[in-house]
Each structure stands twice: as C-alpha cells, then as structure tokens.
Amino acid sequence: MAILASLEDMITAIAGSIMNAQHMVEKAQVANIASFFDEQHQPTSIDLQLPAIHSTTSEGDMYTYRLPLISLVPHSSLIIGEAEIDLDVELGAFAEHERTGVNNSFMSQTGLAAPAERKPALMINPEGGGIARQNGNAAHIKLKLVATEKSEGLARLVNDVVKAQGHAGAVDSK
C-alpha cells in the first residue's frame, strides 16, 4: 500500500531531523565546555608556582599563577556543515490543505497580496521511487542543507577566561 505524504512535509521532516541532530551535537559541546567549570561556575584551574621576575622581588621568590584548564585545549565548534539527501519519489496527485500558522491581523491588512486560505501540496510516495522511475512517474529530488555562520560566544568566553588568568595571590618569599 502506497504511503502518500506531501513533498513539503517530507522536506520539513528531513530538515527537522538534521536540525535535531545538530542540536544534539551542540548539547554535547556545551557539556564538554561545562566540564571545564566547577559547581560554582568558576573555571577549573591549576595553580603553578613560577619564579617571580619583577624588579621588587628577591632571588628565589615565587608567585602562584592560576591557569584555567579551558585555555590549554583547542575548542572547535562542531557543526553539520552540509547534508545532502538524494532520493527518487513517486509522484502523486495534488491536494489542498488549510494554511496553518497564519497571523489573521496581518493577513487582513495584505488585501489582494494575501496568500490563499488553502495551499496546494504535491503528494508523493517516498517508497515507490524505483518502480515509478520505470513507468515515468518519478521525480529525482536532491536536497542540500548548508550550515550558516557559527556563534562567536565560545570564542568570547575563552577569551574572557584567558584575560582573567594570571596571578592568584601575593608573591611568596622562600
């Protein structure tokens, strides 16, 4: 039995699945970044004892340098940069559907430019592409989704943490 769906619904479902996969990747990245902070949201760091080289220090003086661990490892944002779906579908009939998600107050102001209350949809059978190709009732669809520019939030966070690193306390004398 043929399973008919609108082409619009199929493309929306594919795009939605890819967006959900990207969301899962982003959540994993946030969890990774969160692992560099403690329960009080302070950067996890190590304190290093380094020789004090300031003009006011004596030979052998040390100071504590607090080094955030997040600054020691590279952080690159993972994205699904491109997804390409190539498929054959059996063409079905046209159907009309009610237009949903319409802002009626806006639509009342658009006059003749308003879209119709019902919208056409091309019905397809995603399972029948191979057979339909033989009898000439198929369409080859190539859907390509490409990522956009990524956020600069992580770069800014790391930059701010690095700016704040450094002296953790007073100079200690030996």
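Values in this document were obtained by computation on a predicted structure and should not be read as measured data.

Peer 1: Describe the environment of Thr-44, listing the residues and the values that go with them.
Peer 2: Structurally, Thr-44 can be placed in the loop between α1 (7-34) and β2 (45-51). A sequence separation of 25 residues divides Thr-44 from Leu-69, and the C-alpha atoms of the two residues are 6.0 Å apart. With near-sequence residues (within four places) excluded, Thr-44 lies in contact with Ser-35, Phe-36, Phe-37, Asp-38, Leu-67, Pro-68 and Leu-69.

Peer 1: So, the nonpolar core: which residues are in play, and what are the values?
Peer 2: In this structure, Met-10, Ile-14, Ile-18, Ala-83, Leu-87, Val-89, Ile-124, Ile-141 and Leu-143 together form the largest nonpolar core, which totals nine residues. Put simply, the parts of the chain that give this core at least two residues each are α1, β4 (82-98) and β6 (138-146). Beyond its immediate chain neighbours, meaning those up to four positions away, Leu-87 contacts Met-10, Ala-139, His-140 and Ile-141. In this structure, Ile-33, Phe-36, Phe-37 and Val-161 belong to the second largest nonpolar core, which totals seven residues.

Peer 1: Residue-level account of a nonpolar patch on the surface, with values.
Peer 2: Nonpolar side chains collect at one region of the surface, where Ile-46, Leu-48, Leu-72 and Val-73 lie side by side and expose about 290 Å² of accessible area between them. You can see Val-73 is positioned in the loop between β3 (62-68) and β4.

Peer 1: So what's going on with the pattern of salt bridges? Residues and values would help.
Peer 2: Tallied over the entire structure, the rule returns two salt bridges. A salt bridge links Arg-66 to Asp-47; the nearest nitrogen and oxygen atoms lie 2.9 Å apart. Remark: Asp-47 occurs in strand β2 and Arg-66 occurs in strand β3; sequence separation between them is 19 residues. On the basis of relative accessible area, Asp-47 is assigned to the partly exposed category, the value being 43%. Of the charged contacts in the structure, one is a salt bridge between Lys-142 and Glu-84, with a shortest N-O distance of 3.5 Å.

Peer 1: Could you give me a rundown of helix α4 (residues 153-164), with the residues and numbers involved?
Peer 2: Taking 1.5 Å of rise per residue, the twelve residues of α4 would be expected to cover 16 Å, and the 17 Å separating its terminal C-alpha atoms lies within 8% of that figure. Of all the residues in α4, the buried ones are Leu-154, Val-158 and Val-161. Seen end-on, α4 carries its buried residues on one side only, within an arc spanning 60°. Opposite its buried face, α4 presents the exposed residues Ala-155, Arg-156, Lys-163 and Ala-164, each directed more than 90 degrees away. Looking at the buried residues of α4, the elements they touch are α1 and β3.

Peer 1: Which residues make up the confidence of the model for the protein chain, and what values do they have?
Peer 2: This prediction gives the protein chain a mean pLDDT of 78; 80% of its residues lie at or above 70. Looking across the protein chain, the model is least confident in strand β7 (residues 166-167), with a mean pLDDT of 60, and most confident in β2, with 91.

What counts as what
- Residues numbered from 1 in each chain as written.
- Predicted model: local features only at pLDDT ≥ 70, side-chain atom pairs only at ≥ 80, totals over all residues.
- Heavy atoms only, no water.
- Helix = DSSP H or I, 4+ residues; strand = E, 2+ residues; numbered from the N terminus.
- Contact = heavy atoms within 4.5 Å.
- Core = buried A, V, L, I, M, F, W, Y, C linked by side-chain atoms within 4.5 Å.
- Buried < 20%, exposed > 50% of the residue type's maximum accessible area, 1.4 Å probe, protein only.
- Patch = residues over 30% accessible without salt bridge, like charges linked within 9 Å, V, L, I, M, F, W, Y side chains within 5 Å.
- Areas by Shrake-Rupley, 256 points an atom, 1.4 Å probe, with all protein chains shown as cover.
- Salt bridge = Lys/Arg side-chain N within 4 Å of Asp/Glu carboxyl O.
- Expected span 1.5 Å × (residues − 1).
- Arc of directions from axis to C-beta.
- pLDDT = per-residue confidence, 0-100.

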